[in-house]
Each structure stands twice: as C-alpha cells, then as structure tokens.
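Structural description and commentary
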Amino acid sequence: MLPSVMEYRRQAQKRLPRLAFDYLEGGAEDGLALARNRAAYADLEFRPDVLVDVTDCRLDATVLGASAAMPAIVGPTGLNGLFWPEADVHLARAAHQAGLPFVLSTASTSLLEDVRAATPGELWLQLYVQRDRRIAEHLMDRAWQNGYTVLFLTVDVPVHGNRDHDKRNGFSLPLRPSRRLLMDLAAHPGWCWRMLRHGGPQLKNLAVSANARENITEQASVLSRQMDLALSWNDVAWLRRHWRGRIVIKGIQGLADARRAHAHGVDGIVLSNHGGRQLESAPCPLEVLPEVAAELGQSLEILVDGGVRRGSDIAKAVALGARAVLLGRAPLYGLAGRGPAGAHEVLAILRTELGNTLRLLGRDRIGAVDATAVRKR
Ligand SMILES: Cc1cc2nc3c(=O)[nH]c(=O)nc-3n(C[C@H](O)[C@H](O)[C@H](O)COP(=O)(O)O)c2cc1C
C-alpha cells in the first residue's frame, strides 16, 4: 500500500501510456478550473477543538437513502477500460468493500448487468441523453431492472470540453496508429499486454441500448455526436416518467440552477465542473457550496466533487455543507497504478485519513463537522 492518493497518481502516470494518462488527468484548455478545484481545498484551514473524547469516531453517513461508510461515493467516469480491463467491475467491487455506493457511467466499458452480477453493492446510474431518447429510456429500464436505484443526470456535457492534450496525443476511438502513439505504447508493454489479452475498451452499455455494433467508432459517435443539445429543464418531467427512483442533477454550477433543480423536484444535486474537464474557468464547486447549502441544504441533498484527494478534503466539503463528495480521479489512480487492489487501497486511505482528521479536529462523528470546523486562510 502506498502512503497517499497522490502516490497512486504517480504510479498511474508511470504505468499508463501518455495518451491514457492525459485523458485521465487533463483539464479543459489551460487547466484553470482543474487547478482551482485543488487550490480551493488548500485555501481552507481547520479550526480544531482539543481535549474532546474521540475514542469512538463515526464516519458513516446516509446519502440519497443509502448508508455509506463515509460521506463519499465512487463517481461516474467513462472509458474506464482504458485504465484496466473490466475496470467498472473492479471499481464497483472496491466501492462495495469500502461500504460506498458506486455510480456507473453511461460511457462505461462494462455492461451494467455484468457490474450487477459482480457485486451486491449499492449501484447507481449516470445518464447522458442522446437525441434518440429511446436510448436513455432503454438504459434506464435495464438499470432499474438490475437494481440500480438512483439516477444521476449529467448536465455539463452538451459538447465535449476543449482538451488540447487529447488533440495533441491524437486521442480518438478507435486509436489511430501514429509514430508518436507507437513510441508511447512501446514504452508501456504491461498496459499493451493487458489490452491485447482482454481487448480494447468498448462502450458496451451504450452499444446495447443504442443497438450499435461491437465497433468502437460507431459507439463513440453515438456518445458524442448524437448528444441531445435540446435537453432542458422541461425534460426532468420526462425523466420522472421513466425513472421511479431518486433523481440527482450532476453538473450544477451556481445558486440559480440549484434553485431550478429544487423547483423541478429533484432529490439532489452534484455541484461539479466535471473535474475541470468541460468549461474552462468554470466556477469552483467547493466555493459555490456554502451559499447553495445555506439556502437549499434542508430541502435537497447537496453533493460536491472536483479535486478530492485526501480524507481531510472530505471533511472540508462536509464542513461547508455537502452531504457527501464524489470521487472521480482518485479511485482511477489506484486502479491504473496498482490494479484492482489499488482501487481498494485508495478508498481505504481516504477513510483512514478522514478518521484521523476528525479525531485531530476534536469531532467524534461526521455529523459534528460543520461550518465552525473550517475557515478561509
Ligand atoms: C476520466 C474521467 C472520465 C469521466 N467521465 C464521466 C462520465 O462519463 N460521466 C460523468 O458524469 N462524469 C464523468 N467524469 C467526471 C466525474 O464524475 C467527476 O465529476 C470528476 O472527475 C470529479 O473531479 P475529480 O476527478 O477531481 O475528483 C469523468 C472524470 C474523469 C476524470
């Protein structure tokens, strides 16, 4: 086990071809939103109380009706098979072992049925909506039948963000051979061997619901070029007709939209700028959190993501009013850096760090972490 999440990141950087690591790590354009997500955590300092009995320290939380061993969820990330074969299955298992819910992306590289068969854990579905609404409806039907209980509608990807690194690396599906790519691959024989043995990643879930062939080019074009640009608040009613469980809007970036989400009767929101991968200079979710939580924290479950790399980050987000955080890159660093065991280890590290943070803060349970626990530097 390595000491910290960021050391798994370094390991992932060594193990993955540049093209895959850049896709995992990179932000949009000049990386301003990406950097801000991390900096916002650094800008907060704790206000500990001492001489508090912290013999028992409870980290467990209830998130969207599910119990979680700590206020965190393994968030949805697409194309995970690029980091490790059967990545979604391994991540879902790691989440379950850690007592956390797992959100499967529409762009997953494992079938939602296979993920279900691999774990009895709490599974939720993230939805991207294509122009042909039957695709999303079919996905929702399959997910519900397989015991996925919460739907996350992601709303910050009408188009892909501008990502220079993907253009520079010639990142496309399928990968097109170039001198640069071949040299990159030659330097990472372990990764190449795993991909050759298990086959390259496919957007399997989408392929089934979109009736697309086992052909990554066709699948990728369904995902990106056919995204429904007309999706609007009116469509929450359409979602309600097709989804019986809780609905969460992921990608809310300000108070006005948080109010709209509440007015449309959703169960929760994720304050998110997609890990700094979409709109450059997007608002930093952690900075938006306090005003949204102050107004809507009693009526909606407010989740936040972007830049969580330490257990202390989870404590800071909770202090500012988040019910829980979503983990994006952190578990992927674990998986890419050390395989399935690495995903498990990263979640264990975050939990240990969170427990120690609470004890050092003089708080004996996560519910005791409130605005008095932090201040801006
Ligand atoms: C490689 C990668 C793929 C992602 N794919 C999706 C996706 O398919 N659907 C989605 O809603 N969010 C996706 N996200 C965004 C994450 O759910 C989350 O909002 C973000 O990663 C949080 O920031 P963090 O990585 O700094 O923790 C992706 C993020 C990464 C890093």
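Residues numbered from 1 in each chain as written. Predicted model: local features only at pLDDT ≥ 70, side-chain atom pairs only at ≥ 80, totals over all residues. Heavy atoms only, no water.

**Considering the overall build of the protein chain**
Selection criterion: Helix and strand definitions here come from DSSP, where helices need a minimum of 4 consecutive H or I residues and strands a minimum of 2 consecutive E residues; each element is numbered from the N-terminal end. Here the globule rule is a power law, 2.2 Å times the number of residues to the power 0.38, and the radius of gyration is based on C-alpha atoms. Exposed residues in this analysis have more than 50% of their type's maximum accessible area, buried residues have under 20%, and partly exposed residues fall in between, with area computed by a 1.4 Å probe over protein chains only. Pairs of residues are marked as contacts when any of their non-hydrogen atoms sit within 4.5 Å. Each accessible area is a Shrake-Rupley result for a 1.4 Å probe, and residues are judged covered by the shown protein chains and nothing else. Here Asp and Glu are counted as negative and Lys and Arg as positive; His is not counted, and neither are the chain ends. A single reference atom marks each charge: NZ on Lys, CZ on Arg, CG on Asp, CD on Glu.
A count of helical and extended segments in the protein chain gives 16 helices and twelve strands. For 377 residues, the compact-globule estimate of 2.2 N^0.38 gives 21 Å, and the protein chain sits close to it at 20 Å. Across its three principal directions, the C-alpha atoms of the protein chain cover 60 × 45 × 40 Å. For the protein chain, the residues scored as buried account for 59% of the 377 residues in total. Considering only residue pairs separated by 6 or more positions, the protein chain has 75% of its internal contacts joining residues 24 or more positions apart. Surface accessibility of the protein chain: about 15900 Å² in total, with carbon and sulfur atoms responsible for 50%. Separation of charge centres in the protein chain, based on 47 positive and 40 negative side chains, amounts to 4 Å.

**Quick word on the nonpolar core**
In summary, soluble globular proteins display a tendency toward joint burial of nonpolar side chains. Here is the rule: As used in this record, nonpolar core signifies buried Ala, Val, Leu, Ile, Met, Phe, Trp, Tyr and Cys residues forming a set joined through side-chain atoms within 4.5 Å.
Grouped together as the largest cluster of nonpolar side chains are 126 residues, with contacts concentrated most on Leu-127 and Ile-269. At 13 residues, helix 16 (residues 329-361) tops the list of elements feeding residues into this core. Residue contacts for Leu-127: discarding those within four places in its chain leaves Thr-106, Ala-136, Leu-139, Met-140, Leu-151, Phe-152, Leu-153, Thr-154 and Leu-239.

**Things to note about helix 1 (residues 5-15)**
Rules: Note: the arc covers the axis-to-C-beta directions of the helix.
Among all positions in helix 1, only Val-5, Tyr-8, Arg-9 and Ala-12 are buried. The buried side chains of helix 1 occupy one side of the element, clustering within an arc of 105 degrees when seen end-on.

**Structural notes on the packing of helix 13 (residues 255-263) against helix 14 (residues 285-296)**
To keep things clear, this is the line we draw: Structural elements are reduced to axes, namely lines fitted to C-alpha atoms, with helices fitted over the stretch in contact, and the angle between N-to-C directions of any two is expressed from 0 to 180 degrees. Each crossing gets its hand from how the near helix is turned against the far one by less than a right angle, where anticlockwise is left-handed and clockwise is right-handed. Polarity classes work like this: nonpolar for Ala, Val, Leu, Ile, Met, Phe, Trp, Tyr, Cys and Pro, charged for Asp, Glu, Lys and Arg, and polar for all others, with Gly in that last group.
For the pair helix 13 and helix 14, the least separation of the axes is 10 Å and the interaxial angle reads 35 degrees. As for how helix 13 packs across helix 14, the hand of that crossing is right-handed. The residues of helix 14 that touch helix 13, namely those facing Leu-255, Ala-258, Arg-259 and His-262, are Glu-291, Val-292, Glu-295 and Leu-296. Considering only residue class, the contact of helix 13 with helix 14 consists of four nonpolar, one polar and three charged.

**Details of the pairing of strand 9 (residues 268-271)**
Selection criterion: Here the rule is simple: two strands pair whenever DSSP picks up at least two bridges between them. Seen with the strands pointing away from the viewer, any crossover whose path from the first strand over the helix to the second strand runs clockwise is right-handed.
Burial of strand 9 is two-sided: the residues Gly-268 and Val-270 facing one way and the residues Ile-269 and Leu-271 facing the other way are all buried. Pairing geometry for strand 8 (residues 246-252) and strand 9, over four bridges, is parallel. Of the residues in strand 9, the one forming a bridge with Ile-249 is Ile-269. Running through helix 13, the crossover from strand 8 to the neighbouring parallel element strand 9 is right-handed. Relative to strand 10 (residues 301-305), strand 9 runs parallel, the two being bridged by four bridges.

**Topic: the pattern of salt bridges**
Heads up, the rule is: In the sections that follow, a salt bridge refers to a side-chain nitrogen of Lys or Arg positioned within 4 Å of a carboxyl oxygen of Asp or Glu.
Inspection of the entire model under this criterion finds 22 salt bridges. For the salt bridge of Arg-377 with Glu-45, the shortest nitrogen-to-oxygen distance reads 3.5 Å. Within this pair, whereas Arg-377 is found in the segment after strand 12 (374-376), its partner Glu-45 is found in strand 1 (residues 44-46), the two being separated by 332 residues in sequence. Judged by relative accessible area, Glu-45 falls into the partly exposed class, the value being 25%.

**Brief notes about the site of the ligand**
Condition: Any residue with a heavy atom positioned within 4 Å of a molecule or strand is treated as near that molecule or strand. We define a polar contact as two N or O atoms separated by no more than 3.5 Å, with the added condition that, inside protein, one atom must be a possible hydrogen donor and the other a possible acceptor, whereas residues neighbouring each other in sequence contribute only through side-chain atom pairs.
Lining the immediate surroundings of the ligand are 20 residues, of which Pro-76, Ser-105, Thr-154, Asp-305 and Gly-307 lie closest. Gln-126 is positioned with one of its side-chain polar atoms (N or O) 3.2 Å from a nitrogen atom of the ligand. Within the contact set of the ligand, an oxygen atom lies 3.4 Å away from a side-chain nitrogen or oxygen of Ser-272. Burial of the ligand by the protein chains amounts to 98% of its free accessible area of 600 Å². Residues belonging to the shell around the ligand are distributed by class as follows: four nonpolar, eleven polar and five charged.

**What about the packing of aromatic side chains?**
In plain terms, the rule: Between 30 and 60 degrees the pair is tilted, below 30 it is stacked and above 60 it is edge-to-face, where a pair is any two Phe, Tyr or Trp rings, Trp via its six-membered ring, whose centres lie within 6.5 Å.
Summed over all chains, the structure comprises four aromatic pairs. Both rings, one in Tyr-23 and one in Phe-83, keep their centres 6.1 Å apart while their planes meet at 20 degrees; by these two values the pair is stacked. Linking Tyr-23 in helix 2 (residues 18-25) with Phe-83 in the loop between strand 4 (72-74) and helix 4 (87-97), this pair joins segments that are 60 residues apart in sequence. Judged by its relative accessible area of 13%, Tyr-23 is buried.

**Overview of the packing of helix 4 against helix 16**
How we decide: Roughly parallel means an angle under 35 degrees; roughly antiparallel means over 145; roughly perpendicular covers 65 to 115; every other angle is labelled oblique.
Contact pair helix 4 / helix 16: the axes reach a minimum separation of 8 Å and the direction vectors enclose 20 degrees. In terms of orientation, helix 4 and helix 16 fall into the roughly parallel class. The crossing of helix 4 and helix 16 is left-handed. Across from Ala-87, His-90, Leu-91, Ala-94, Ala-95 and Gln-97 in helix 4, the residues of helix 16 making contact are Pro-331, Leu-332, Leu-335, Pro-340, Ala-343, His-344 and Leu-347. Split into classes, the residues belonging to the contact of helix 4 with helix 16 amount to ten nonpolar, three polar and no charged.

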